[in-house]
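# Descriptive structure summary
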Amino acid sequence: MNEMILMTHVLFGVGCMLAALWLFVDVMNVREATVGRIRAISWGAAAFMWVAFIVGGFWYVTFYKVDKAIILKGPWPFAHGKVMETKEHLVIMLLLLATYLPIAASDNLVGNKNARKVMLWVSAIVALLALAMDGEGGIIAMGVKVGLLPK
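Since we're looking at a predicted model, the values are computed, not measured.

Right, let's get into the overall build of the protein. A count of helices and strands for the protein gives 4 helices and 0 strands. Seen through its C-alpha atoms, the protein measures out along the principal axes to roughly 60 × 25 × 20 Å. Counting across all 151 residues of the protein, residues that qualify as buried make up 37%. Here the analysis covers contacts within the protein between residues at least 6 apart in sequence; of these, 78% occur between residues at least 24 apart. Surface summary for the protein: the accessible area is close to 8,600 Å², and the carbon and sulfur share equals 73%.

The topology assignment puts H9 in helix α1 (residues 2–28). Separated by 2.8 Å, the side chain of H9 and the backbone oxygen of A52 make a polar contact.

Quick look at the packing of helix α2 (residues 32–73) against helix α3 (residues 78–105) now. Interhelical geometry of α2 versus α3 gives an angle of 165° and a closest axis separation of 9 Å. Overall, the two elements α2 and α3 adopt an arrangement that is roughly antiparallel. Every pair of crossing elements has a handedness; the one defined by α2 and α3 is left-handed. For the contact of α2 with α3, the class distribution of residues is 21 nonpolar, 3 polar and 3 charged.

Once that is clear, we can look at the side chain of S42. Within the element layout of this structure, S42 appears in helix α2. Taking relative accessible area as the criterion, S42 reaches 1% and is therefore assigned buried. Leaving out residues up to four positions away in the same chain, S42 has contacts with L23, L101, P102 and A105.

Conventions we followed
Residues numbered from 1 in each chain as written. Predicted model: local features only at pLDDT ≥ 70, side-chain atom pairs only at ≥ 80, totals over all residues. Heavy atoms only, no water. Helix = DSSP H or I, 4+ residues; strand = E, 2+ residues; numbered from the N terminus. Buried < 20%, exposed > 50% of the residue type's maximum accessible area, 1.4 Å probe, protein only. Contact = heavy atoms within 4.5 Å. Areas by Shrake-Rupley, 256 points an atom, 1.4 Å probe, with all protein chains shown as cover. Polar contact = N/O pair within 3.5 Å; in protein donor to acceptor, adjacent residues only side chain to side chain. Axes fitted to C-alpha atoms, helices over the stretch in contact; angles between N-to-C directions. Parallel < 35°, antiparallel > 145°, perpendicular 65-115°, else oblique. Left-handed = near helix turned anticlockwise from the far one by under 90°. Nonpolar A, V, L, I, M, F, W, Y, C, P; charged D, E, K, R; others polar.

Listed below in structure tokens is the structure:
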């Protein structure tokens, strides 16, 4: 069950990242015909991020203390001390920016160049932060694995 919860967290996080990338490309080529899709995808990105956040938070509170102990006793204590601590703080910025996507998408993207710039910047930052979160999760998982290796 532990692994299923964690993989659900990863799945929705990657979904947010892919939706943000899709938004970036769609906004670069925005037309009246694509505005509805952009708004729908922005809502999807925000929803994916919220689900990833809630599921990840549940996993963190319920299961992470065992992994944390393994990491801290293993050869990669930085996987918790630096990487998990960084992830805990950056995820709040990612959550706020992903939540802002539908708000930014509600502006006149076809006729307003500044609105497009905001959408491009926010979707790019969301995609990059989500990619960073995925990488940090990989480092944390590796910290657990190397902590379980025989000495």
